[in-house]
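Geometric and topological summary
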Amino acid sequence: AQSVAQPEDQVNVAEGNPLTVKCTYSVSGNPYLFWYVQYPNRGLQFLLKYITGDNLVKGSYGFEAEFNKSQTSFHLKKPSALVSDSALYFCAVRAINTGKLIFGQGTTLQVKP
Amino acid sequence: SAVISQKPSRDICQRGTSLTIQCQVDSQVTMMFWYRQQPGQSLTLIATANQGSEATYESGFVIDKFPISRPNLTFSTLTVSNMSPEDSSIYLCSVEDPVGTSTDTQYFGPGTRLTVL
């Protein structure tokens, strides 16, 4: 069965420090991996995706993510956090054979000044 | 990416009534989906809205409860029927693949926040 796990309900980081939001996946075949962000009372915004190619992908707002096949992980990172990055972050996986998008439980990122 | 709008943005409804949510895209798209996000939860796919044919529902969701229409490539509706407080959620539509492309990326509307009393 396909699944996505975000092991941390909440991540706290000080402004200016690097941040990491963790994601691991389980899927048959080669995965398509995505990160989305949800600000309060808003829909989901697409941040970045990994389909193939370079394991380090860059996305919107200075975020990047590293695909690690051996560890089945796709952690979201940013070198220097901003208070405005505080939001709910979702990792998702799409299996090629089904096309369905499966979401993790979400991680709340809290960046404090 | 496509601009996606949903109506209404929020509503408070009485138990036993039905609500129809509209999703409008500013360009033709191949795929449209409907998701539910229960309070404090992640997103769960309800169904894939198929243009000109019946929607494809995920396990646990049925057409009688969540009828879906998709009359063309830019518009879809989701109806939440015979509502109960357990239906209180955010309902989101998403789209993928503008016609003629293959992006493999879903983009989401702003969501409809439904509260059932």
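A few points on the structure. Every chain is numbered on its own, with residues counted from 1 as its sequence reads. Throughout, the order in which chains and ligands are written sets their labels, letters from A for the former and numbers from 1 for the latter. Local features in a predicted model are, by the rule used here, given only for residues with pLDDT of at least 70; side-chain atom pairs are given and counted only at 80 or more, and totals for whole chains, interfaces and linings are based on all residues. Where side-chain values are given, they derive from all heavy atoms of the structure, hydrogens and water being excluded.

**A look at the interface of chain B and chain A**
This is how the line gets drawn: Here, residues are in contact when the closest pair of their heavy atoms is within 4.5 Å. Here the quantity called buried area is the total loss of accessible area, with a 1.4 Å probe, experienced by two parts when brought into contact, counted for both. The salt bridge criterion pairs a side-chain nitrogen of Lys or Arg with a carboxyl oxygen of Asp or Glu, the two atoms within 4 Å. A helix here means a DSSP run of H or I that spans at least four residues, while a strand means a run of E at least two residues long, and both kinds are numbered starting from the N terminus. Gly is put with the polar residues, along with every residue not named as nonpolar or charged; the nonpolar set is Ala, Val, Leu, Ile, Met, Phe, Trp, Tyr, Cys and Pro, and the charged set is Asp, Glu, Lys and Arg.
Between chain B and chain A, the contact holds 19 residues from the first and 20 residues from the second. Between chain B and chain A, the buried area comes to about 1,500 Å², and carbon and sulfur atoms account for 48% of it. Scanning the region where chain B abuts chain A turns up three salt bridges. Those elements that provide at least two residues to the side of chain B that touches chain A are strand E4 (29–37), strand E5 (43–49), strand E9 (89–98) and strand E10 (106–108) of chain B. The element that contributes the greatest number of residues to the side of chain B that touches chain A is E10 of chain B, accounting for three residues. Here the side of chain B that touches chain A is composed, by residue class, of seven nonpolar, seven polar and five charged.

**Overview of the pairing of strand E7 (residues 68–72) of chain B**
Residues and elements named next belong to chain B. Quick reminder of the rule: Paired strands are those between which DSSP finds at least two bridges.
Note that E7 and strand E8 (residues 75–80) share three bridges and pair antiparallel. Bridging from a neighbouring strand, serine 69 pairs with threonine 77 of E8. Where E7 folds back onto E8 in an antiparallel hairpin, the turn is made up of two residues.

**Quick word on the sheet that holds E7 of chain B**
Residue and element names in this part refer to chain B. Heads up, the rule is: Where helices are involved, their axes are fitted lines through C-alpha atoms of the stretch in contact, as for all axes, and angles between N-to-C directions lie from 0 to 180°.
Strand order across the open sheet formed by four strands is E1-E3-E8-E7, with antiparallel pairing between neighbours. Each having just a single partner strand, strand E1 (4–7) and E7 make up the two edges of the open sheet. In this sheet, adjacent strand axes meet at a mean angle of 15 degrees when their direction is disregarded. Pairing of strand E3 (residues 19–25) with E8 involves six bridges; the strand directions are antiparallel. Bridge assignment links isoleucine 21 to a residue of E8, and that residue is leucine 78.

That is the geometry; function is a separate question.
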